[in-house]
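Here is how the chains run, residue by residue.
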Amino acid sequence: MSDTPESTQTVETTTIDIPANPLGLNANGGSITQVSPETYTANLPDGVKQALDILAEFPAYLGQTYANNKRAVTIVGLIFGIIVGVKLTLAILSAVNEIPLLAPTFELVGIGYASWFVYRYLLQASTRKELTDEIDSFKTEIFGNKDA
């Protein structure tokens, strides 16, 4: 046995009164009755009440902010979407790159297509003219005619 006195500690506790039936369930049949929000928030601390009030007003605030700044919110959303799209594309490409023999196969296909394109459109002057005409007609379809 030790001769040292035992130390005592005082612990402060806070009690919160919770309604006996917070969900409004009837004990005899399980039917649900509507309970007002004041029943839940009546005994909460002030900080929690303020946080709940802010959260309750948040959807209206968000809608008002979007209505006032549609263009800026849309641009930020598009930038976020582009970033997510690029990251997703890079993840898919890295996953495909891990498949054995698939990356070298894609490289061979790319080399073959580039070789065919050079042979078909770039070696002779007449085929270069044909390519230029196709590009110009494509630009006219997309952007319209400048002269009109």
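Residues numbered from 1 in each chain as written. Predicted model: local features only at pLDDT ≥ 70, side-chain atom pairs only at ≥ 80, totals over all residues. Heavy atoms only, no water.

*Asks:* Pulling in residues and values, what's your account of the packing of helix α2 (residues 46-68) against helix α3 (residues 70-97)?
*Replies:* Packing of α2 against α3 leaves a shortest axis separation of 5 Å and a crossing angle of 100°. What the angle tells us is that α2 and α3 run roughly perpendicular. In contact with Tyr66, Ala67 and Asn68 of α2, α3 contributes Lys70, Val73 and Thr74. Looking at side-chain class alone, the contact of α2 with α3 contains three nonpolar, two polar and one charged residues. (Axes fitted to C-alpha atoms, helices over the stretch in contact; angles between N-to-C directions. Helix = DSSP H or I, 4+ residues; strand = E, 2+ residues; numbered from the N terminus. Parallel < 35°, antiparallel > 145°, perpendicular 65-115°, else oblique. Contact = heavy atoms within 4.5 Å. Nonpolar A, V, L, I, M, F, W, Y, C, P; charged D, E, K, R; others polar.)

*Asks:* Explain the pattern of salt bridges to me, using residue names and the numbers behind them.
*Replies:* Applying the stated rule across the entire model yields three salt bridges. Arg120 is the salt-bridge partner of Glu130, the closest N and O atoms lying 2.9 Å from each other. Placement of Glu130 in helix α5 (residues 125-143) and of Arg120 in helix α4 (residues 102-122) is noted, with a sequence separation of ten residues between them. Owing to a relative accessible area of 30%, Glu130 belongs among the partly exposed residues under this scheme. You can call Arg120 partly exposed: its relative accessible area is 28%. Residues Asp133 and Lys129 are paired through a salt bridge, measuring 3.2 Å at the closest nitrogen-oxygen approach. Highlighted residues: Asp133 and Lys129, both in helix α5, separated by four residues, approximately one helical turn. Overall, the relative accessible area of 38% leaves Asp133 in the partly exposed class. (Salt bridge = Lys/Arg side-chain N within 4 Å of Asp/Glu carboxyl O. Buried < 20%, exposed > 50% of the residue type's maximum accessible area, 1.4 Å probe, protein only.)

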